[in-house]
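Chain residues, written in single-letter form:
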Amino acid sequence: MTALRNIRPTTAGIVLAAAALLGLWPLLPAWAAHTAAVSLGGGLVALGLMILIRFGLVSFGQGLFFAIGGYAAALANQFLGITDMLVLSVAGIAAAGMIAWALGYIVRGHRGIFFAMLNLAFSMILFGILAKTVALGSTDGFSVGVPTLLGVAPGPEAGRLTFVLFGFIVISSALVAWMVDRILASPVGYAGQGVRENELRLRYLGVSARGAVHLAYIMAAKLAALGGVFTVLLIGHVTPEDTAYWTKSGEFVFVAILGGAGNVAAPFIAQTVFELVRTFALQYVPEAWQMLLGITLLLVILFLPGGLWSLVDRLRGRDA
Amino acid sequence: MPEALLETRGLGKTFGAVVAAEDVSVSVAAGEIVGVIGANGAGKTTFCNMVTGYLTPDQGRILFRGADITGCTVGEATAAGIHRSFQIPQLFPGLTVYENLLLSVGVFGHRRPPWWRPLVRPETQQEARRVMEQYRIADSAETRVDRLPQGVRKLLDIAMAMVGGPAMILLDEPTSGISTEEKFDVMGNVIDALRSSGATVLFVEHDMDVVGRYADRVIAFREGRVLADGAPREVLENPAVIEHVVGRRPPRPTDA
Ligand SMILES: Nc1ncnc2c1ncn2[C@@H]1O[C@H](COP(=O)(O)OP(=O)(O)OP(=O)(O)O)[C@@H](O)[C@H]1O
Ligand SMILES: [Mg+2]
């Protein structure tokens, strides 16, 4: 796969997708709207992983930043009384950004399995802390109120997923995807390919490979945190198990591989497929859910190593 | 003698019991083309590694344009204007020749590459194409690098090293892996390109005919030490050099 070829502007596609989702709102049944919004949240985490994959890296601990985002928003809501979803999102991103900046000094010197497992280690530590902290509800976590936006508060009858929250998630996700798309096409994105392909040459081009990895790590962390904020606002509750537990991190890697690194849309599509399959599997064949995941992963690795997105490339007549 | 562009003073480096450099003091003037010779393991690559910041010398100083750059990083040496090519080409193997140059041109010199503007712009594309033409590798533009013949890889490696217009370039065995018939053609073209860019050149070479033809000056290494340093004819006819470098040169058909 010549990944450089896949860097193309997708502005039009992103705008169309966002407009379509917003336009469909009145027609979508509640479960479908919820699935779409949850998939955007999880897709953001996978999108961050996709940046790392472009750098030839993978993190088995993105649940760390997913949890940091989710808990930061939940804490700001419960203990500071902040309800504005924009402010809560910024809080989640800022918290994850600072922690990733600090941890980045440790991880940026590592590659391959060590990079992946260091992050797993961090996430397990956070899980342990959260599960032991009684003030945060330990393993039961705690609840989050219904968010508002710029003073617009939903009526009491509206339920959790209001049009305001849905629209906020759709528009922010689109904006973020657009930014990531541009970043991948910028010198930073290409430096990532340099890290993956030959770090020594990159250094001799005057680029700090560690600096580039550090930057990518922070970006991926912020994306995971925003995904965490959205998810917590949608669910209305935060627990260590649903955010920082290692199986959650594994799910994100699963989704990132399922989608492939070909396009910023891929992680969102893959997350949607994942959510839909899970919903139906849990309903009809609950005991076979893990097996289904395993088989899907096997098939993707064997027959679609470029992920679901390589199907799109194939349809367009490009070699993946 | 004109003022030295690069000067080393008493460089020393050991790897365990192996002495890779000992008391290496050389000086290269701006505009010179210096050939470096020496048997396998004489310390030629180690010299390049130290000058470009890849290795820190155990002893001695490195001066570039009069400034002490001892202990600087690869990135800092690159920024100062010292670039290099490699004995084993260091390319981006999964990308094509054109993409290798596009990436090199686009990221060059950014310690922290910018993230707000696209890398592929008319200027970067033009520059990548120009470099391909200059080093006569445009025919392979769309070929993935891991499928290239060794000769083209060597050229691409040099072309990538020249991105950013260095003041000084170190070529580590530019003609290794290139057939004897093609060597002069390739080296002639490379030297022309380097000269027209105004770079000062230091090249490591095992083929004494190539050295005699292109070097203004020759430095011979033996077991980490400078054995001889002077005009090509003088050095190449020096009995010690003939004994330890030229005469004992093993056949190296495909050594990278
Ligand atoms: N990183 C290293 N670790 C251990 N020993 C090393 C290292 N680099 C070089 N050496 C040793 O230092 C000595 C000098 O090596 P160097 O690569 O500089 O030789 P050279 O003149 O470039 O030889 P060649 O013609 O084979 O390329 C050799 O004995 C080599 O084995
Ligand atoms: Mg060598």
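Use the structure listed above.
About the criteria used
- Residues numbered from 1 in each chain as written.
- Chains lettered and ligands numbered in written order.
- Predicted model: local features only at pLDDT ≥ 70, side-chain atom pairs only at ≥ 80, totals over all residues.
- Heavy atoms only, no water.
- Near = heavy atom within 4 Å.
- Polar contact = N/O pair within 3.5 Å; in protein donor to acceptor, adjacent residues only side chain to side chain.
- Areas by Shrake-Rupley, 256 points an atom, 1.4 Å probe, with all protein chains shown as cover.
- Helix = DSSP H or I, 4+ residues; strand = E, 2+ residues; numbered from the N terminus.
- Axes fitted to C-alpha atoms, helices over the stretch in contact; angles between N-to-C directions.
- Left-handed = near helix turned anticlockwise from the far one by under 90°.
- Contact = heavy atoms within 4.5 Å.
- Nonpolar A, V, L, I, M, F, W, Y, C, P; charged D, E, K, R; others polar.
- Expected span 1.5 Å × (residues − 1).
- Buried < 20%, exposed > 50% of the residue type's maximum accessible area, 1.4 Å probe, protein only.
- Core = buried A, V, L, I, M, F, W, Y, C linked by side-chain atoms within 4.5 Å.
- Domains from an automatic or database assignment.
- Donors = N, O, S within 2.8 Å, 3.2 Å for Na, K, Ca; no water.
- Buried area = accessible area lost by both parts, 1.4 Å probe.
- Salt bridge = Lys/Arg side-chain N within 4 Å of Asp/Glu carboxyl O.

**Q** Would you mind showing me how to read the site of ligand 1 here?
**A** Residues and elements named next belong to chain B. Around ligand 1, 14 residues are found, and the nearest of them are G41, K44, T45, T46 and Q87. Take N40: an N or O atom from its side chain is 3.1 Å from an oxygen atom of ligand 1. In the model, an oxygen atom of ligand 1 is placed 3.4 Å from a nitrogen or oxygen of the E173 side chain. For ligand 1, the protein covers 63% of the area, taking 630 Å² as the surface of the free molecule. Per-element tally for the shell around ligand 1: the top contributor is helix α1 (residues 44-51), with 3 residues.

**Q** Would you take a moment to explain the packing of helix α12 (residues 265-284) of chain A against helix α13 (residues 289-303) of chain A for this structure?
**A** For any two helices packed against each other, one specifies the inter-axial angle together with the distance between the axes. Residue and element names in this part refer to chain A. As a packed pair, α12 and α13 sit with axes 10 Å apart at the nearest point and diverge in direction by 145°. The handedness of the crossing between α12 and α13 is right-handed. Note on element contacts: α13 touches α12 through W289, L292 and L293, opposite F274, V277, R278, A281 and L282. The residue inventory of the contact of α12 with α13, partitioned by class, reads 7 nonpolar, no polar and 1 charged.

**Q** I tried to follow helix α11 (residues 246-259) of chain A on my own but got confused; where do I start?
**A** It helps to recall that an α-helix has 3.6 residues per turn; residues three or four apart then point in one direction. Residues and elements named next belong to chain A. Between its first and last C-alpha atoms α11 spans 20 Å; for 14 residues at 1.5 Å apiece the expected length is 20 Å, and the two agree. Of all the 14 residues making up α11, 10 are buried; the element is thus mostly covered by neighbouring parts of the structure. Of the residues making up α11, those classed as buried are K248, S249, E251, F252, V253, F254, V255, A256, L258 and G259. Downstream of α11 by one or two residues, G260 has phi in the positive range, about 90°.

**Q** So what exactly am I meant to see when it comes to the nonpolar core here?
**A** Nonpolar side chains in soluble globular proteins tend to be buried together. Membership of the largest hydrophobic core comes to 151 residues, with the highest contact counts inside it found for F65 of chain A together with I37, L101, I137 and F203 of chain B. Ranked by residues supplied to this core, first place goes to helix α9 (residues 209-235) of chain A with 18 residues. Of the residues that make up this core, three or more belong to each of domain 1 (1-81 + 166-256) and domain 2 (88-164) of chain B. When neighbours within four sequence positions are excluded, F65 of chain A is seen to be in contact with A96, I99, A100, L103, Y217, A221, A224 and A225 of chain A. Counting residues in each nonpolar core, the second largest holds 28 residues, with L11, A42, M50 and M168 of chain B among its members.

**Q** What should I look at first to understand the coordination of the magnesium ion (ligand 2) in this one?
**A** Coordination angles at a metal have ideal targets, namely 109.5 degrees for four tetrahedral donors and 90 or 180 degrees for six octahedral donors. Donor atoms from the polypeptide that bind the magnesium ion (ligand 2) are T45 of chain B (OG1) and Q87 of chain B (OE1), placed at 1.9 to 2.2 Å. On the criterion of sequence distance, the pair formed by T45 of chain B in helix α1 and Q87 of chain B in the loop between β7 (82-84) and α3 (97-107) is long-range, its members being 42 residues apart.

**Q** What am I meant to see in the interface of chain B and chain A here?
**A** At the interface, 37 residues of chain B touch 29 residues of chain A. The contact between chain B and chain A buries some 3000 Å² in all, and 61% of this surface belongs to carbon and sulfur atoms. The interface formed by chain B and chain A includes 1 salt bridge. Linking D157 of chain B and R201 of chain A is a salt bridge whose minimum nitrogen-to-oxygen distance equals 2.4 Å. At the junction of chain B and chain A, the tally comes to 14 residue pairs in polar contact (both at pLDDT 80 or more). Only α2 (74-80), α3 and α5 (150-162) of chain B provide two or more residues apiece to the side of chain B that touches chain A. Considering each element in turn, the side of chain B that touches chain A owes the most residues, 5 residues, to α3 of chain B. Considering only residue class, the side of chain B that touches chain A consists of 19 nonpolar, 10 polar and 8 charged.

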